[in-house]
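Inside the fold
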Amino acid sequence: MPLQQTVSTGQQNRALGLSTFAFTICFAVWTIFAIIGIQIKQDLGLNDTQFGLLVGTPILTGSLVRLFLGVWTDQYGGRIVFLLTMLASAISTYLLTFADSYVMMLVAALGLGMAGGGFAVGIAYVSKWYPQEKQGSALGFFGMGNVGAAVTKFLAPWIMVAMGWQAVALIWASALAVTAVLFYVFAKDDPDLAARKISGEKPKGLKEQLEPLKNEQVWRFSLYYFFVFGAFVALALWLPKYLIGVYGVDIKVAGMLAATFSLSASLFRAYGGILSDRYGARKIMYATFGVSMVVLFMLSYPATDYVIHGVKGDIHFATSMSLVPFVIAVFVLGFFMSLGKAAVYKHIPVYYPDHVGSVGGLVGLVGGLGGFVLPIVFGAVSDLTGIWTSCFMVLFALVAVALAWMHFAIRQMEQKAAGLDNRSLPQFPEMAGIHDADLHHEHEVKSKLITDWRPEDSAFWEETGQKIAKRNLYISIPALLLAFSVWMVWSVVVAKLPLIGFNYTTDQLFWLAALPGLSGATFRIFYSFMVPIFGGRLWTTLSTASLLIPAFGIGYAVQNPETPYFIFLVLALLCGFGGGNFASSMSNIGFFFPKAQKGNALALNAGLGNLGVSVMQFAVPLLITAGVFGALGGDAQTTKDGGQLWLQNAGFIWVPFIMVSTVLAWFGMNDIADAKASFAEQSVIFQRKHNWLMCWLYTGTFGSFIGFSAGLPLLAKSQFPDVNVLKYVFLGPLVGAISRAATGWLSDRWGGGRVTFWVFLGMMAGSLSVIHFLDTKDFTGFLASFVFMFFVTGVGNASTFQMIPVIMRQEVPRLMPELDGVQRTRQAEKESAAIVGFTSAIAAYGAFFIPRAFGMSISATGTPHAALYGFLVFYASCAVLTWFAYTRKGGLLHDVERKIAAPAPIAQGAPA
């Protein structure tokens with residue numbers, strides 16, 4: 001980099017030294033709960049899971065902000081960003097001394113975690129002072145700031161014993177604030193920023209900064225860092241407690257012994273950078289993962305007593321790792337982790353010299369999330385298994401996955417390189433797709449990115465397109481089914497919580513049933529624009545994998561009646577990941593099929609995806625009655641009537657299927673190049689009147705389907721307490737999903753507008769019927785009325801979606817007369833896809849408002865009647881709107897649906 005040639009060695013050393021010192025203090029603050037958390041745990045009487053959440057919360061904040069801090073450092077310079085980051089964390093650390101409850105501790109810990117974001121700032125800042133051939137060593141030296149964890153473990157126990165944990169927080173906050181000021185005073189702007197100030201050049205925008213994040217290699221590096229850094233942070237936080245529990249040492253000895261791990265995992269990072277510069281990062285990563293697997297296998301083996309019944313009597317012996325071998329083993333583990341951390345970051349400035357902040361921030365974000373997730377997992381697994389070494393078992397599985405993925409990726413690159421003329425690979429073969437784009441790019445993405453897609457061309461469709469489209473649809477359907485299952489799982493879980501000791505009010509339970517709808521609908525707003533921006537294959541993979549978070553979380557949380565209500569609220573919100581998937585899934589599948597088959601494909605994707613609600617409501621009540629996963633799934637909970645439930649199965653049962661679906665999405669799906677569009681291109685729909693009208697109508701159909709799915713189990717349980725309602729409520733979503741998939745032909749024949757009008761008349765009749773049977777206390781009639789409404793919503797879900805492309809084919813020629821036939825078709829398709837996603841997002845708020853309406857109505861009046869009358873009025877407004885805007889004489893769809901006027905022509909061969 002030319003700018004760096006004018007930088008003196010003294011300037012480089014000052015930048016590196018100040019950054020490393022600042023990061024050391026940041027890291028000391030970031031890991032403060034590893035020591036003071038032990039005393040707080042005793043003071044507040046926390047269990048292992050709560051302790052894991054407390055020590056992991058700062059890690060969460062420090063991880064999530066890394067991406068943005070890295071980008072801002074590239075844009076505005078590390079000097080100012082580092083100052084603000086450290087001051088924000090110092091203030092939060094000081095406020096921690098005033099916290100007197102677990103919830104307040106968590107809130108303060110969120111702000112304290114900003115210190116962890118200093119890593120992304122330092123990486124982006126330091127890399128700009130050094131040429132590529134020295135960046136491995138420089139960044140490795142900077143990474144030695146991890147030694148701040150050892151500083152905390154050495155000093156904090158003595159201060160805490162002498163003065164209390166509040167004194168530790170106060171001193172650490174003061175040190176961080178002073179460091180922030182010193183850094184700002186003595187540091188200088190990096191060469192790139194200084195040059196931009198002179199030239200007046202503007203920094204790169206956010207979109208350009210985030211562009212490399214679409215590369216698979218970046219995410220693979222993130223997994224590596226999840227282990228080498230995330231596991232390091234997790235163990236740094238966990239080891240003091242482990243040493244006290246297993247070996248019976250006091251807090252001061254535990255802190256010093258744990259510091260040996262932190263020291264080895266920090267000080268040798270500089271050496272890892274030197275080795276990566278000299279021998280290549282790939283060899284260092286192989287050594288890191290290989291040795292780590294061996295050490296973790298040894299650490300994973302629990303202390304065990306054996307009795308062998310021999311010829312001359314019993315033979316007794318035991319296996320266990322004493323304290324000294326344990327300390328040596330974790331020292332070796334930390335040493336190779338430090339090498340691996342340097343090796344991972346060796347890649348980034350070499351292959352992304354202009355995006356170090358964003359790429360380094362993302363890799364650091366994922367790695368830092370390991371420091372948040374893993375302590376919680378350690379606590380949960382410890383509570384679940386009762387085995388101290390279970391934390392090392394988790395890490396053994398993690399490093400095995402990382403090693404396998406790295407090896408197979410490298411082997412794939414080597415095999416592809418075998419046919420090239422020069423038979424050579426770059427230093428990092430796993431980055432070949434970026435390093436030698438002309439030689440490798442076509443080989444790597446040929447089968448995944450489709451640049452020529454002409455579904456309206458019958459010859460192309462029969463020969464090539466149909467097979468690809470159907471494969472993507474068949475992979476999308478089960479992924480969407482799982483998304484709906486996870487999204488609505490609380491509708492069943494909340495009905496069982498009171499039976500196993502969770503003493504929540506009816507309104508609190510309705511909140512848990514409603515919150516997934518709130519978050520799911522909000523996620524849909526963003527998800528609806530993601531496929532054209534990132535590609536359907538990557539987004540489907542990531543969105544499906546995200547379902548693992550709430551699935552695991554529910555499985556662990558329900559096993560302990562002492563789990564705070566706040567945790568359940570968070571998990572309910574996280575289930576919204578499943579709700580968001582619908583918008584992106586529908587948008588993605590819509591691009592694959594020709595106009596003549598698009599309606600059927602979307603109906604199958606949506607209808608069979610909606611079936612996930614019914615599958616969940618049918619399967620979960622059965623699965624929670626048996627220990628499906630044996631000892632791995634945890635013990636049964638005893639119900640108030642003396643029975644047994646394995647309510648954790650409601651979350652765990654989806655985990656293996658989510659994993660399989662994620663793998664299938666990544667290796668089996670495709671991206672369509674012509675389907676790319678920016679948010680700005682899609683945002684034109686916000687100017688379209690019919691976008692907002694269809695949001696209102698689709699809320700009446702799909703919003704009712706998903707809202708009734710979320711609220712019906714608890715509503716039925718509250719109104720008919722003597723009936724085992726969970727045996728029957730799955731029928732409603734089942735009928736609704738099937739009717740959506742099977743009745744699309746009605747709209748094709750009679751017109752979506754006319755069908756939608758009659759749908760809302762049916763919804764009005766259904767609402768009155770439910771009220772009647774509630775008054776007569778007739779469960780059969782109550783259930784039948786809801787099944788009828790589910791059926792009608794399914795018909796309406798299909799008919800409203802059929803209306804959208806017809807409306808836009810009529811409107812685009814009027815709104816954009818300057819476009820030719822092919823351009824009009826492409827514009828109508830893009831707007832239709834965006835409207836489909838956006839309307840599904842708005843309608844999904846029904847999953848929040850309908851359960852909340854039931855809960856508020858029951859709390860205020862003792863019955864759900866007020867909510868049902870409100871729904872009746874809403875359905876009447878939908879019927880009037882449909883008639884006035886679309887189906888009356890003079891309405892937009894009147895002539896088209898009655899074949900009086902031909903629909904707008906479709907340009908043949910236009911890309912979908």
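Because the structure is predicted, anything quoted here is derived from the model rather than measured.

Another aspect to go through is the overall build of the chain. When its secondary structure is counted, the chain shows 42 helices and six strands. Within the chain, the proportion of its 912 residues that are buried is 60%. Sequence separation of at least 24 residues holds for 83% of the intrachain contacts in the chain that already meet a minimum separation of 6. Carbon and sulfur atoms provide 67% of the accessible area of the chain, an area that totals close to 34400 Å².

Moving on, we come to a nonpolar patch on the surface. Where nonpolar side chains cluster on the molecular surface, the patch consists of F68, W72, Y76, I80, L84, V178, V181, L182, Y184, V185 and F186 and spans about 1000 Å² of accessible area. The greatest single-element share of the nonpolar patch, amounting to six residues, is contributed by helix α10 (residues 165–186). The topology assignment puts I80 in helix α5 (residues 78–95). Its relative accessible area of 32% is what places I80 among the partly exposed residues.

Applying the stated criterion across every chain, the model contains 57 aromatic pairs. With a centroid separation of 5.1 Å and an interplanar angle of 90 degrees, the aromatic rings of F335 and F336 are classed as edge-to-face. In this structure, F335 and F336 share a single accessibility class: buried. The residue whose ring lies beneath R537 is W666, and the NZ or CZ to ring-centre distance is 3.6 Å.

Counted according to the given criterion, the structure contains four cavities of 30 Å³ or more. Computed from the structure, the largest cavity encloses a volume of approximately 80 Å³. What lines the largest cavity is a set of 13 residues, and nearest its centre among them are T540, S543, N581, S584 and S585. Counted by class, the lining of the largest cavity contains five nonpolar, eight polar and no charged residues.

Glancing now at the confidence of the model for the chain. When pLDDT is averaged along the chain, the result is 79; 85% of the residues meet or exceed 70. Long-range and interchain partners of residues 905–912, a stretch whose pLDDT sits below 50, account for 22 contacts in this model, where long-range means more than four residues apart.

What follows deals with the side chain of T57. Relative to the elements of secondary structure, T57 occurs in helix α3 (residues 48–64). Those residues in contact with T57 that sit more than four places away from it in its chain are L106, A109, L110 and F372.

Turning next to the pattern of salt bridges. Under the definition given, this model contains three salt bridges. The partner of D457 in a salt bridge is R454, and the shortest N-O contact between them spans 2.8 Å. Note that E831 and R688 form a salt bridge whose closest N and O atoms lie 2.9 Å from each other. Taken together, the positions of E831 in helix α39 (residues 821–843) and R688 in the loop between α33 (679–682) and α34 (689–719) put the pair 143 residues apart, joining distant regions of the chain. Across the pair, exposure class does not vary: E831 and R688 are buried alike.

Time to look at the side chain of T20. Structurally, the position occupied by T20 is in helix α1 (residues 9–30). Polar side-chain contacts of T20 include one of 2.7 Å to the backbone oxygen of L16. Apart from residues no more than four positions distant in its own chain, T20 is found in contact with F141, F142 and G145.

Between its first and last C-alpha atoms helix α16 (residues 281–300) spans 28 Å; for 20 residues at 1.5 Å apiece the expected length is 28 Å, and the two agree. A281, I284, M285, T288, F289, S292, V295, L296, L299 and S300 are the residues of α16 that are buried. Buried positions in α16, seen along its axis, are confined to an arc of 145 degrees and lie on one side of it. Seen from the buried face of α16, the exposed residues on the opposite side, beyond 90 degrees, are K283, V294 and F297.

Let us now look at the environment of F801. Summarising the element assignment, F801 is placed in helix α38 (residues 779–815). With 39 residues separating them along the chain, F801 and S840 place their C-alpha atoms 9.5 Å apart. Apart from the residues lying within four places of it in its own chain, the contact partners of F801 are F582, M586, Y698, R740, V836, T839 and S840.

Our next topic: the environment of A34. Mapped onto the fold, A34 is located in helix α2 (residues 33–44). We classify A34 as buried; its relative accessible area is 0%. Considered as a pair, A34 and L54 are 20 residues apart in the sequence and their alpha carbons are 9.6 Å apart. Discounting chain neighbours no more than four positions away, the residues touching A34 are K153, A236, L237 and P240.

Angle between the axes and distance between the axes are the two parameters that describe a pair of packed helices. Contact pair α2 / helix α9 (residues 148–163): the axes reach a minimum separation of 9 Å and the direction vectors enclose 30 degrees. For the pair α2 and α9, the contacting residues are A34, I35, I36 and Q39 in the first and T152, K153, A156, P157 and M160 in the second.

Moving on, we come to helix α40 (residues 846–861). Its 16 residues place the ends of α40 21 Å apart at the C-alpha level, agreeing with the 22 Å of an ideal helix rising 1.5 Å per residue. Burial in α40 covers these residues: G846, A847, F848, I850, P851, R852, A853, F854, G855, S857 and I858. Elements that come into contact with the buried residues of α40 comprise α22 (458–487), α24 (506–527), α34, α38, α39 and α41 (865–887). Backbone geometry just downstream of α40 places G862 in the positive-phi region, at approximately 90 degrees.

What follows covers the environment of L872. On the secondary structure map, L872 appears in helix α41. By relative accessible area, L872 is classed as buried at 16%. On a C-alpha basis, the gap between L872 and M763 in space is 7.6 Å, while along the polypeptide they are 109 residues apart. Ignoring any residue separated from it by four or fewer positions in sequence, one finds L872 in contact with M764, S767 and L768.

What follows concerns the packing of helix α29 (residues 576–590) against α39. Where α29 meets α39, the axes come as close as 8 Å, and the angle between the chain directions of the two elements is 160 degrees. By the angle between their directions, the pair α29 and α39 is classed as roughly antiparallel. The crossing of α29 and α39 is right-handed. Counted together, F582, A583, M586 and S587 of α29 and A833, V836, G837 and S840 of α39 form the full contact between these two elements.

What counts as what
Residues numbered from 1 in each chain as written. Predicted model: local features only at pLDDT ≥ 70, side-chain atom pairs only at ≥ 80, totals over all residues. Heavy atoms only, no water. Helix = DSSP H or I, 4+ residues; strand = E, 2+ residues; numbered from the N terminus. Buried < 20%, exposed > 50% of the residue type's maximum accessible area, 1.4 Å probe, protein only. Contact = heavy atoms within 4.5 Å. Areas by Shrake-Rupley, 256 points an atom, 1.4 Å probe, with all protein chains shown as cover. Patch = residues over 30% accessible without salt bridge, like charges linked within 9 Å, V, L, I, M, F, W, Y side chains within 5 Å. Salt bridge = Lys/Arg side-chain N within 4 Å of Asp/Glu carboxyl O. Phe/Tyr/Trp six-rings, centres within 6.5 Å; stacked < 30°, edge-to-face > 60°. Lys NZ or Arg CZ within 6 Å of the ring centre and 35° of its normal. 1 Å grid on protein atoms, 1.4 Å probe; cavity = no way out; pocket = protein on both sides within 12 Å on 5 of 7 lines; lining within 4 Å. Points joined across faces, edges and corners; volume = space filled by probe spheres on them. Nonpolar A, V, L, I, M, F, W, Y, C, P; charged D, E, K, R; others polar. pLDDT = per-residue confidence, 0-100. Polar contact = N/O pair within 3.5 Å; in protein donor to acceptor, adjacent residues only side chain to side chain. Expected span 1.5 Å × (residues − 1). Arc of directions from axis to C-beta. Axes fitted to C-alpha atoms, helices over the stretch in contact; angles between N-to-C directions. Parallel < 35°, antiparallel > 145°, perpendicular 65-115°, else oblique. Left-handed = near helix turned anticlockwise from the far one by under 90°.

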